[in-house]
Amino acid sequence: MRTTITLDPDTAALVRQEMRRRGVTFKEAVNSAIRAGLTRSPSPAEPFRTRAVPMGTPAVNLDRALQIAGELEDEELIRRMRVGK
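Values in this document were obtained by computation on a predicted structure and should not be read as measured data.

1. Some words on the overall build of the protein
Along its length, the protein carries 3 helices and 0 strands. Secondary structure elements of the protein occur, N-terminal to C-terminal, as α-α-α. Taking 2.2 N^0.38 as the reference for a compact globule, 85 residues should give roughly 12 Å; the C-alpha atoms of the protein span a radius of gyration of 31 Å, well beyond that estimate. Along the longest, intermediate and shortest principal axes, the C-alpha atoms of the protein span 75 × 40 × 25 Å. Buried positions account for 7% of the 85 residues belonging to the protein. Element-wise, carbon and sulfur atoms account for 57% of the exposed surface of the protein, whose accessible area totals about 8600 Å². Here the protein holds 15 positive side-chain charges and 11 negative ones, and the gap between their average locations is 13 Å.

Have a look at this one:
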């Protein structure tokens, strides 16, 4: 199949390097690069793992976390109202 493609400058440079390295034509370098890229099966990525670390005993009762967050927010709103912001 005959077609026209536009290569980015860095890609064209890579094709030229491959042509010089292997002593092949532009067509052969592009075809082999496309074949290699499209037939290569992706290697399975190693699963991301998060290492757990002990954080000690909580300073507050976490059963009341939402209540505490609400109280802190209320205190901040009152403080802002007092300073006029």
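2. Examining helix 1 (residues 9–22)
Compared with an ideal rise of 1.5 Å per residue, which puts 14 residues at 20 Å, helix 1 spans 20 Å between its outermost C-alpha atoms and is within 8% of the ideal. Once helix 1 ends, the next one or two residues include glycine 23, with phi positive near 70°.

3. With respect to the environment of arginine 22
Tracing the sequence through the fold places arginine 22 in helix 1. Sequence-wise, arginine 22 and glutamate 71 are 49 residues apart; in three dimensions their C-alpha atoms are separated by 71 Å.

4. Notes on the pattern of salt bridges
Taken as a whole and assessed by the stated rule, the structure comprises 5 salt bridges. The partner of glutamate 18 in a salt bridge is arginine 22, and the shortest N-O contact between them spans 3.5 Å. Placement of both glutamate 18 and arginine 22 in helix 1 is noted, with a separation of 4 residues, approximately one turn of the helix. Across the pair arginine 64 and glutamate 71 runs a salt bridge, and its minimum N-O distance is 4.0 Å. On the accessibility criterion, arginine 64 (36% relative accessible area) is partly exposed. Here the residues in one salt-bridge network are Glu18, Arg21 and Arg22, joined through shared partners.

Definitions and limits used
Residues numbered from 1 in each chain as written. Predicted model: local features only at pLDDT ≥ 70, side-chain atom pairs only at ≥ 80, totals over all residues. Heavy atoms only, no water. Helix = DSSP H or I, 4+ residues; strand = E, 2+ residues; numbered from the N terminus. Rg over C-alpha atoms; globule rule 2.2 N^0.38 Å. Buried < 20%, exposed > 50% of the residue type's maximum accessible area, 1.4 Å probe, protein only. Areas by Shrake-Rupley, 256 points an atom, 1.4 Å probe, with all protein chains shown as cover. Lys, Arg positive; Asp, Glu negative; His and termini not counted. Charge placed at Lys NZ, Arg CZ, Asp CG, Glu CD. Expected span 1.5 Å × (residues − 1). Salt bridge = Lys/Arg side-chain N within 4 Å of Asp/Glu carboxyl O.

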